[in-house]
Amino acid sequence: PQQLSEICDNGIDDDMDGLIDLNDPDCNCSVFAPVSLIPNPSFEELACCPLSLGQIECAEAWVQASEPTTDFIHNCGWGGPIDYLPPQPFPDGDGILGIRNGRTPIQGETEPSPNWKEYAGACLFSPLLAGTSYRFEFDVGFSDRDHSPPINITLYGTTDCENLPFGIGNVRLGCPTNGPNWVRLGASFLSAGAGNKWMKASIDVLPEEDIKAIAIGPGCHRRISEYDLYYYLDNLLLDKLETFEFQISGTSHPCSDDYRLEMPKRENTNYQWYKDGVALVGETSHRLEQMHGEGDYQVVITTVGNCQVSSTFSHRVPNIQASSQVSICQEDTYSFGGRELATSGRYLHTFKSADNCDSTVNLELTVLGELSETVSARVFAGEAYEVGGFKVYKEGRSDLTLVSSNGCDSLVQLDLAYYDVFIPTAFSPNNDGINDQFKVFGTDDLAEVISLNVFDRWGNKIADGKEWDGRVNGQAVSPGVFVYIVRLRMADGGERTFKGAVTVLY
């Protein structure tokens, strides 16, 4: 008889619907994700609908932390300052927070107020414990270049909820640490250029004392501007760092014999590993007993009454590509892949690298005769073209007299040119039409960009293809340095693999 529902950890299509384990809708676990210690983190729970400036009290659990008042913006009512509206749609739900970082003179004033800084505060569900690492992730909205220049969004903390609000009666106090009882927990510097956009940001926190309440807003630096400086906040996620980092990672180099995938080990937690959505029967430890080939791996983590599935880890074994040009005399041979070569030509062989990866070498072997000959070659700037012990870096014609160990010599005229290929070291995906994509530029020398992979600072692959627009899952990445690996096929048939770093600017 047909099984009525799928058994989710046996690698069998129990209900015979063509879908196995996690690929079957019957096997539904929530995706493992942090839970914010900040109440009402996306400003969705309402005490009232905001009708004008201020009114953060309409967002449940939030208070005006400073005398300068933060603004509560919600689709049910007030939509934000008309001169610098928030980017749409909001990252999470219908409510967001609006803050100023200094303001222009108002009626009766002649000077701007650089210390007019607005903060919202909340008492945490549970305190941040001294000596424990936390991460604060959030979305920041920018209106335009004039009203939303670069800013240090800063998280402050206090040991007692009674310290909210701070600076009572003093609209020019500035940041919380200009008064007593508050500490700076961390900051994130953000810039959106001219774009009306949202950006994802994070701050890692290691408190030195137990923190029971927080305030969020601009840094302490005084900002003088001819414009009101205004920003938006949403989706404030604060939890232990290990919760954000509770994901699959590799134990060593992917080509090593002892390479395994693992999750952080936790007490009273059951693990079940999956590859391409199908259970790996018997793999129930926090670390795989053995690798099961390339594919997409996940782990279902089960605690008492709770089932969660990790994000996907794509395991791919790298294959290293390299080219070599070698010249020998007529009497000589060249050892390559277990063969002794004595004839000019191209040879291909796959070796094992020091990390046990497959390393495919494309050898161009030239057997030199006694007569003069002309060789035309192309290299990248900084590379050398090697002929019988000579390394030539400079473009142009070189006359080389080659002498082998047996006394054989030959005059070679080498015409060397550089490939016309350029890989940028930075780009600015701000949709201004200038340097918005990271890609390889080349003339006819470049036949094809075979692949372009981009990795974050933890080694996670965040993009692949032919070029990158600075986004991950549709969201713009934060400014910073990212690592890339690019494979190129040149017009002469040779392939090159380059690794480097590219900086994202806004």
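A. Spatial organisation of the environment of Asp17. When you line up the elements, Asp17 lands in the segment before strand 1 (30-31). Asp17 gets classed as partly exposed once you look at its relative accessible area, which sits at 38%. Residues Asp17 and Glu6, eleven residues apart in the sequence, show an inter-C-alpha distance of 9.1 Å.

B. Up close: the state of the cysteines. One pass over the full model with this rule turns up seven disulfides. Each sulfur of the disulfide joining Cys48 and Cys58 lies 1.8 Å from the other. Since a negative S-S torsion denotes a left-handed disulfide, the Cys48-Cys58 link at about -95° is left-handed. Pair noted here: Cys48 is in the loop between strand 1 and strand 2 (62-64) and Cys58 is in the loop between strand 1 and strand 2, with a separation of ten residues, a long-range link.

C. Up close: the sheet that holds strand 34 (residues 461-465). The mixed open sheet is built from five strands, whose spatial order is 31-38-37-33-34. Across the chains shown, the open sheet's two edge strands, defined by having one partner strand only, are strand 31 (426-427) and strand 34. Across eight bridges, the pairing between strand 33 (residues 446-455) and strand 37 (residues 480-490) is antiparallel. Bridging across to strand 37, Ser451 finds its partner in Arg487.

D. Highlighting the packing of aromatic side chains. Scanning all chains against the criterion turns up 17 aromatic pairs. Geometrically, the ring pair formed by Phe380 and Tyr419 is tilted, given 4.8 Å between the ring centres and 50° between the ring planes. One end of the pair, Phe380, is in the loop between strand 25 (373-379) and strand 26 (385-387); the other, Tyr419, is in the loop between strand 29 (409-418) and strand 30 (421-422), and 39 residues separate them in sequence. For the pair shown, Phe380 and Tyr419 are each scored as buried. A ring pair is formed by Trp468 and Phe482, whose centres lie 5.4 Å apart and whose planes are at 70°; its orientation type is edge-to-face. Within this pair, whereas Trp468 is found in the loop between strand 34 and strand 35 (471-472), its partner Phe482 is found in strand 37, the two being separated by 14 residues in sequence. According to the relative accessible area criterion, Trp468 is buried, its value standing at 3%. Joined through ring pairs, the aromatic side chains of Phe427, Phe438, Trp468, Phe482 and Tyr484 make up one cluster. Taking NZ or CZ as reference, Arg103 lies 4.2 Å from the ring centre of Trp116, over its face.

E. Just the sheet that holds strand 8 (residues 151-158), in detail. Read from one edge to the other, the open sheet built from five strands follows the order 2-6-11-8-9, with strand pairing classed as antiparallel. The outermost strands of the open sheet, each flanked by one partner alone, are strand 2 and strand 9 (183-190). Here the strands of the sheet are splayed against their neighbours by 30° on average, with no regard to which way each runs. Taken together, the six bridges between strand 8 and strand 11 (residues 211-218) define a ladder with antiparallel strand orientation. Opposite Thr158, over in strand 11, you have Ala213 as the bridge partner.

F. Inspection of the side chain of Asn101 at higher detail. Among the structural elements, Asn101 can be located in strand 4 (residues 95-103). Of the polar contacts made by the side chain of Asn101, one reaches the side chain of Lys117; its length is 2.5 Å. Setting aside residues up to four positions removed in sequence, Asn101 forms contacts with Trp116, Lys117, Ile151, Pro218, Gly219, His221, Arg223, Leu229 and Tyr231.

G. Region of interest: unusual backbone geometry. Residues Gln88 and Pro89 are joined by a peptide bond in cis, for which omega reads -5°. Assignment of secondary structure puts Pro89 in the loop between strand 3 (71-74) and strand 4. Residue Leu164 is joined to Pro165 through a cis peptide bond whose omega torsion reads -10°. Phi at Asp21 is positive, roughly 50°, even though this residue is not glycine. Considering the arrangement of structural elements, one finds Asp21 in the segment before strand 1. With a phi close to 55°, Asn435 is a non-glycine residue in the positive phi region. Along the chain, Asn435 turns up in the loop between strand 31 and strand 32 (441-442).

Conventions and cut-offs
Residues numbered from 1 in each chain as written. Predicted model: local features only at pLDDT ≥ 70, side-chain atom pairs only at ≥ 80, totals over all residues. Heavy atoms only, no water. Helix = DSSP H or I, 4+ residues; strand = E, 2+ residues; numbered from the N terminus. Buried < 20%, exposed > 50% of the residue type's maximum accessible area, 1.4 Å probe, protein only. Disulfide = S-S within 2.5 Å. Pairing = 2+ DSSP bridges. Phe/Tyr/Trp six-rings, centres within 6.5 Å; stacked < 30°, edge-to-face > 60°. Lys NZ or Arg CZ within 6 Å of the ring centre and 35° of its normal. Axes fitted to C-alpha atoms, helices over the stretch in contact; angles between N-to-C directions. Polar contact = N/O pair within 3.5 Å; in protein donor to acceptor, adjacent residues only side chain to side chain. Contact = heavy atoms within 4.5 Å.

Remember that the coordinates give geometry; whether it matters functionally is a separate question.
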